[in-house]
Amino acid sequence: MPPVDLEQTTDRNAPALALSGGGFRATLYHCGALMRLNELGMLTQMGRIASVSGGSIAAAKLAIEWNLMTQQNGRFTDLNTRVIAPLRDFCSRTIDISAGVAGTLNPFSSAGVRLAKAYERILGDLSLRDLPDAPDFVFKATNLQTGRVVRFQKRYLADYMIGCIMEPDIPLSTVVAASSAFPPVLSPVRIRLNPSSWMNLTGSRYFNDINYKRELNLTDGGAYDNMGLESVDDFNPVIVSDAGKPFSVTETASGFWPKQLSRVLSISTDQARNLRRRLLYSACVTDRRDFAIAQIDRDIALRPAAQNIRFPSDRITKLAGIRTRLNRFSTAEQDNLINWGWLSMDVMARSYLPQLSNAAAPSSLPLPIHPI
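Below is a short write-up of the structure. (Residues numbered from 1 in each chain as written. Predicted model: local features only at pLDDT ≥ 70, side-chain atom pairs only at ≥ 80, totals over all residues. Heavy atoms only, no water.)

### Notes on the environment of Asp 220
What counts is decided by this rule: Helical segments are the DSSP runs of H or I of at least four residues, strand segments are the runs of E of at least two, and each set is numbered from the N terminus. Should any heavy atoms of two residues lie within 4.5 Å, those residues are counted as being in contact. Side-chain atoms alone can form a polar contact between residues adjacent in sequence; in general such a contact is a pair of N or O atoms within 3.5 Å, and within protein one must be able to donate a hydrogen while the other accepts it.
Structurally, the position occupied by Asp 220 is in strand E10 (residues 215–220). Through-space distance from the C-alpha of Asp 220 to that of Glu 39 is 31 Å; in sequence the pair is 181 residues apart. With residues near it in sequence (within four places) discarded, Asp 220 still touches Val 52, Ser 53, Thr 142, Ala 178, Ser 179, Ser 180, Ala 181, Phe 182 and Pro 183. Looking at Asp 220, its side chain comes within polar contact range of the main-chain nitrogen of Gly 222, at 2.6 Å.

### Some words on unusual backbone geometry
At the junction of Ser 187 and Pro 188, the peptide bond is cis and its omega measures out at 0° in the coordinates. Examined against the element boundaries, Pro 188 turns out to sit in the loop between helix H6 (172–179) and strand E9 (189–192). With an omega dihedral of 0°, the bond running from Asn 236 to Pro 237 counts as a cis peptide bond. You can see Pro 237 is positioned in the loop between helix H7 (222–225) and strand E11 (238–242). Positive phi, close to 55°, is recorded for Asn 73, a residue that is not glycine.

### Here we look at the packing of helix H2 (residues 54–65) against helix H3 (residues 79–90)
Counted only if it meets this: The axes used here are C-alpha line fits, helices contributing only the stretch in contact, and every angle between their N-to-C directions lies in the interval 0 to 180 degrees. By the definition used in this description, the sense in which the near helix is turned from the far one sets the handedness, with an anticlockwise turn below a right angle giving left-handed and a clockwise turn giving right-handed. When residue character is reported, Ala, Val, Leu, Ile, Met, Phe, Trp, Tyr, Cys and Pro are called nonpolar, Asp, Glu, Lys and Arg charged, and the others, Gly included, polar.
Interaxial distance between H2 and H3 falls to 10 Å at its minimum, and their mutual angle equals 145°. Taken as a pair, H2 and H3 cross one another with a handedness that is right-handed. Within the contact between the two elements, H2 uses Ile 57, Ala 58, Lys 61, Leu 62 and Glu 65 and H3 uses Leu 79, Arg 82, Val 83, Pro 86, Leu 87 and Phe 90. Class assignment for the residues of the contact of H2 with H3 results in eight nonpolar, no polar and three charged.

### Observations regarding the nonpolar core
Which entries qualify depends on this criterion: Grouping buried Ala, Val, Leu, Ile, Met, Phe, Trp, Tyr and Cys residues that are joined through side-chain atoms within 4.5 Å yields what is termed a nonpolar core. Throughout, exposure labels follow a simple rule: accessible area from a 1.4 Å probe, protein chains only, divided by the maximum for the residue type, with under 20% read as buried, over 50% as exposed, and the rest as partly exposed.
Counting 93 residues, the largest nonpolar core has Leu 62, Tyr 119, Phe 139 and Phe 152 as its most contacted members. If near-sequence neighbours (up to four positions away) are discounted, Tyr 119 is found in contact with Ile 57, Phe 90, Ile 95, Gly 124, Ser 173, Val 176, Ala 177, Ser 180 and Leu 326. Among the nonpolar cores identified, the runner-up in size contains 14 residues, and Val 238, Val 240, Cys 284 and Ile 293 belong to it.

### Brief notes about the packing of helix H5 (residues 111–123) against H6
The condition that has to hold: Roughly parallel refers to an angle under 35 degrees, roughly antiparallel to one over 145, roughly perpendicular to one between 65 and 115, and oblique to any angle outside these ranges.
The interhelical angle for the contact between H5 and H6, taken along N-to-C directions, is 125°, at an axis separation of 8 Å. When the axes of H5 and H6 are compared, the pair comes out oblique. Two packed elements cross with a definite hand, and for H5 against H6 that hand is right-handed. The residues of H6 that touch H5, namely those facing Gly 112, Leu 115, Ala 116, Tyr 119, Glu 120 and Leu 123, are Leu 172, Ser 173, Thr 174, Val 176 and Ala 177.

### Remarks on H5
Where we set the bar: Expected span, for any helix, means 1.5 Å times one less than how many residues it has. The arc in question is the one traced by the directions running from the helix axis out to the C-beta atoms.
Spanning 13 residues, H5 covers 18 Å between terminal C-alpha atoms, matching the ideal 18 Å at 1.5 Å per step. Within the sequence span of H5, burial applies to Ala 111, Gly 112, Leu 115, Ala 116, Ala 118, Tyr 119, Ile 122 and Leu 123. Down the axis, H5 shows its buried residues gathered within 160° of arc, on one side only. Of the residues trailing H5, Gly 124 is marked for its positive phi of about 65°.

### Some remarks on the pairing of strand E12 (residues 291–295)
Regular strands show a simple pattern: their side chains alternate between the two faces of the sheet. Our working definition: What makes two strands pair is DSSP finding at least two bridges between them. Note on handedness: a crossover is taken as right-handed if, strands pointing away from the viewer, the path from the first strand over the helix to the second is clockwise.
Taken across its five residues, E12 has five buried, putting it largely inside the fold. Every second residue of E12 is oriented toward a common face, with Phe 291, Ile 293 and Gln 295 on one face and Ala 292 and Ala 294 on the other, all of them buried. Two elements, E11 and E12, share five bridges in a ladder whose sense is parallel. If you follow Val 238 over to E12, its bridge partner there is Phe 291. Running through helix H8 (residues 257–287), the crossover from E11 to the neighbouring parallel element E12 is right-handed.

### Here's the deal with the layout of surface pockets
Worth spelling out the cut-off: Cavity: a set of points on a 1 Å grid over the protein atoms alone where a 1.4 Å probe fits but cannot get out. Pocket: an open set with protein on both sides within 12 Å along at least five of seven lines, its lining residues, like those of a cavity, having an atom within 4 Å of a point. Grid points are joined across faces, edges and corners, and a volume is the space filled by probe spheres set on the points.
By volume, the largest pocket amounts to about 1,200 Å³. Along the walls of the largest pocket sit 33 residues, with Gly 222, Asn 226, Lys 245, Ser 266 and Thr 269 positioned nearest its centre. Among the secondary structure elements, those contributing two or more residues to the lining of the largest pocket are H7 and H8. A breakdown of the residues in the lining of the largest pocket according to their chemical character gives 10 nonpolar, 15 polar and eight charged. Of the voids in this model, the second largest pocket is the one considered here, and its volume is about 350 Å³. Along its surface, the second largest pocket is lined by 17 residues, and Phe 291, Ile 293, Arg 303, Met 348 and Tyr 352 are the ones closest to its centre. Elements represented by at least two residues in the lining of the second largest pocket include exactly H8, E12 and helix H10 (331–352). Here the element with the most residues in the lining of the second largest pocket is E12; it accounts for five residues. Residues of the lining of the second largest pocket, tallied by class, amount to eight nonpolar, two polar and seven charged.

### Considering the packing of aromatic side chains
Basically, it comes down to this: Two aromatic rings from Phe, Tyr or Trp, using only the six-membered ring of Trp, form a pair when their centres are within 6.5 Å; if the ring planes differ by under 30 degrees the pair is stacked, by over 60 it is edge-to-face, and anything between is tilted. Charge-over-ring contacts are defined here by two conditions on Lys NZ or Arg CZ: a distance within 6 Å of the ring centre and an angle within 35 degrees of the ring normal.
Evaluated as defined, the whole model comprises nine aromatic pairs. Ring centres of Trp 66 and Phe 137 lie 6.0 Å apart, and the angle between their planes is 80°; on these two criteria the pair is classed as edge-to-face. Linking Trp 66 in the loop between H2 and strand E3 (71–72) with Phe 137 in strand E5 (residues 136–143), this pair joins segments that are 71 residues apart in sequence. Geometrically, the ring pair formed by Tyr 206 and Tyr 212 is stacked, given 4.6 Å between the ring centres and 25° between the ring planes. Here the aromatic residues Phe 24, Phe 90, Tyr 119 and Phe 329 are joined through ring pairs into a cluster of three or more. One residue, Lys 213, lies across the ring of Phe 207, its end atom 4.1 Å from the ring centre. Positioned over the ring face of Phe 329 is Arg 323, at 4.0 Å from the centre of the ring.

Right, dumping it as structure tokens:
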């Protein structure tokens, strides 16, 4: 049988959104970004929404509510009640400790299984087949066997080293668990599959090796692409909400080998993220495409869009340093992160997306401001 050609059915001249990893911190930051994109009339126009880890939690809830929400004048009128409020409630719980401990102590379960069970609270028993036809939602995990990204979509599951499975029937809770299973506590998430269900793709080196097709051993999608850029970087415009952990500069270096190894991994991860951003910038400039990246650790004061709200740099630094765990976030933490995601996306979108250049600058934040 000749290799399958996964044709590009999604219009690349439609906006695409990437939601980064970063635990519940990212989920809440993305809530703010989604709220502002909706107010600006951009969210309902998305052709693709790609997500990783904490971003996948927000994207999954958005996906299952997409066709149930009410649209008026190009905006969802009930985004806050159907998506944001449930996500906030979910982020007020701690799920990483219980999943990790249960997976360690229970010989009949695993951390990945317990994590998927936790996501059922907000996603129910829906599967990939229940996703809307449009926009194209892409959830990403990392395959520990091939070292490549595994893309979960309604149309197919794909690891380009192995092949693809068309119209996979996999619980959405399991998909999000795989995308957010940060190692070593919550990883790996194991998904058993029928080897005969795989189809060949051009360049699938291990398609004929059945050992890769029986079971996928997956870890956090951020291990491969923490911003989720790889599946949206050819759209126009590209919009990114990046709440990933910023790299910290230190005056001293530890000689203790575990700390040194951790530092080296942090350097490698930071360089990979910077490289992806540079490649996106280069490609968009060359192709004359528009892009906007809202980053949790970047000041917006000098961006060209008009601004009526000032966000002190020390406050940005503190928000960017909040933990990236899947544990309880207080009301104050949630309000602060949502406000910052909302404002940073507003300024970056109005600064760099021509269709929004005439949008009015907001005069107030959507939620109360709390001390940090």
